Amino acid sequence: MLDVCLLGTGGMMPLPHRHLTSLMLRCSGSDILIDCGEGTQIAIKKKGWSANPIDVICFTHYHADHISGLVGLLLSIGNSERTRPITMIGPKGLKRVVESLRVIAPELPFEIIYRPLEEDEEHIDINGYTIHAFKLRHNVLCYGYSVELKRAGKFSVENATKLNIPKPLWGRLQKGEQVEYGGLVYTPDMVMGEQRRGLKVTYCTDTRPVPVIEKYARDADLFICEGMYAEKEKLAKAKQYKHMTFYEAAQIAANANPKQMWLTHYSPSLNDARPYLPQVRKIFPRTYLGKDGKSLELTFDKDE
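Visitor: Residue-level account of the overall build of the chain, with values.
Guide: Helices and strands together make up the secondary structure of the chain, namely ten helices and 16 strands. The globule rule puts the C-alpha radius of gyration for 304 residues at 19 Å, and the 21 Å found for the chain is close to it. Each principal axis of the C-alpha atoms in the chain carries an extent, and together these give about 70 × 50 × 35 Å. Within the chain, the fraction of its 304 residues that count as buried is 54%. At a minimum sequence separation of 6, the contacts of the chain that also span at least 24 residues come to 65%. Summed over all atoms, the accessible surface of the chain reaches about 14,300 Å², with 50% contributed by carbon and sulfur. Looking at the chain, you have 40 positive and 36 negative side-chain charges, and the mean spots of the two groups are 5 Å apart.

Visitor: Provide a residue-level description of helix H4 (residues 94-101), including the pertinent values.
Guide: Buried within H4 we find Leu 94, Val 97 and Val 98. For H4, the angular spread of the buried residues around the axis is 90°, confining them to a single face. Residues of H4 that are exposed and point over 90 degrees away from its buried face: Lys 95 and Arg 96. Contacts from the buried residues of H4 go to helix H2 (64-67), helix H3 (70-78), strand E5 (86-91) and strand E6 (112-117).

Visitor: Lay out the sheet that holds strand E12 (residues 196-204) with the relevant residues and their values.
Guide: One open sheet accounts for seven strands, arranged E7-E8-E9-E12-E13-E14-E15; its pairing is mixed. The open sheet is flanked by strand E7 (121-126) and strand E15 (287-289), the only strands paired with a single partner. If you compare each strand with its neighbour and ignore which way they point, the axes differ by 20° on average. The pairing of E12 with strand E13 (residues 222-226) spans four bridges and is parallel. Counterpart to Tyr 203 in the pairing with E13 is Ile 224.

Visitor: Summarise the packing of aromatic side chains; cite the residues concerned and give the values.
Guide: The tally for this structure, following the rule as stated, stands at three aromatic pairs. Between Phe 134 and Tyr 216, the aromatic rings sit 4.7 Å apart at their centres with planes inclined by 10°, giving stacked as the arrangement. In this pair, Phe 134 sits in strand E8 (residues 129-135) while Tyr 216 sits in helix H7 (residues 211-217), placing the two residues 82 residues apart along the sequence. For the cation-ring pair, Arg 281 lies above Tyr 288, with the distance from its terminal atom to the ring centre recorded as 5.1 Å. Over the face of the ring belonging to Trp 262 we find Lys 294, whose NZ or CZ atom lies 5.1 Å from the ring centre.

Rules behind the numbers
Residues numbered from 1 in each chain as written. Predicted model: local features only at pLDDT ≥ 70, side-chain atom pairs only at ≥ 80, totals over all residues. Heavy atoms only, no water. Helix = DSSP H or I, 4+ residues; strand = E, 2+ residues; numbered from the N terminus. Rg over C-alpha atoms; globule rule 2.2 N^0.38 Å. Buried < 20%, exposed > 50% of the residue type's maximum accessible area, 1.4 Å probe, protein only. Contact = heavy atoms within 4.5 Å. Areas by Shrake-Rupley, 256 points an atom, 1.4 Å probe, with all protein chains shown as cover. Lys, Arg positive; Asp, Glu negative; His and termini not counted. Charge placed at Lys NZ, Arg CZ, Asp CG, Glu CD. Arc of directions from axis to C-beta. Pairing = 2+ DSSP bridges. Axes fitted to C-alpha atoms, helices over the stretch in contact; angles between N-to-C directions. Phe/Tyr/Trp six-rings, centres within 6.5 Å; stacked < 30°, edge-to-face > 60°. Lys NZ or Arg CZ within 6 Å of the ring centre and 35° of its normal.

Structure, rendered in structure tokens:
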């Protein structure tokens, strides 16, 4: 199971009803945060969740509306008796940016592990998640993220019995371990079926449409995409500032076919996005408007 909460949906500046950009994912007591705009820790508290289990923080880029809430969040986590490390992932310059912000929070009871992104596409396995980072096209270096929970195949009791594999070894093989016992080597492929469909959430914001977004959003359980501008006449402005319109985001979703798409990162000038939704749904019917605190519980498909 994967819990998803869109903590903040605003772009550029916070509004009374709209925190700045942030997404939180929870699974098995190890949480991921993507972006940390101003108000993120308040949004977490409003949701009733805790910041303490956040093990990974990913940054799309270093504009203030995506990182300005970090120091307060780190101080709150530090005051929650956390001591285990937090891994931070982001474009190059990651350590310099974070350490500059930490001038006002120099002492934390946990280590920060920096994992800067160097390639156009990178894949990181951490705490049971697979994080795919892919370069976008904004006016500064920016990445999107696709987070997967992979799911192993079914354990075959029949194969394990046929191969005379001792029962005490079954659990270790099921966890993916290679086991040596009694002079023989047993490997997971002896008893595990083909990998089953897992869960995937793809998140991208602050970009023009680029083909790589479609690649990582394809067949996602949830695609969260920026919709900076709802008005069609603002396409020129979207191109100028390297953002997207609702309709461009919907076209990406139509090509990638996720189960659903949430729009986010709205312009401060957009007070009510609802009147634009019918036109957007003509392009991709499973489009929904993101709002602060919007949540979803994703579960694995039931086995046939």
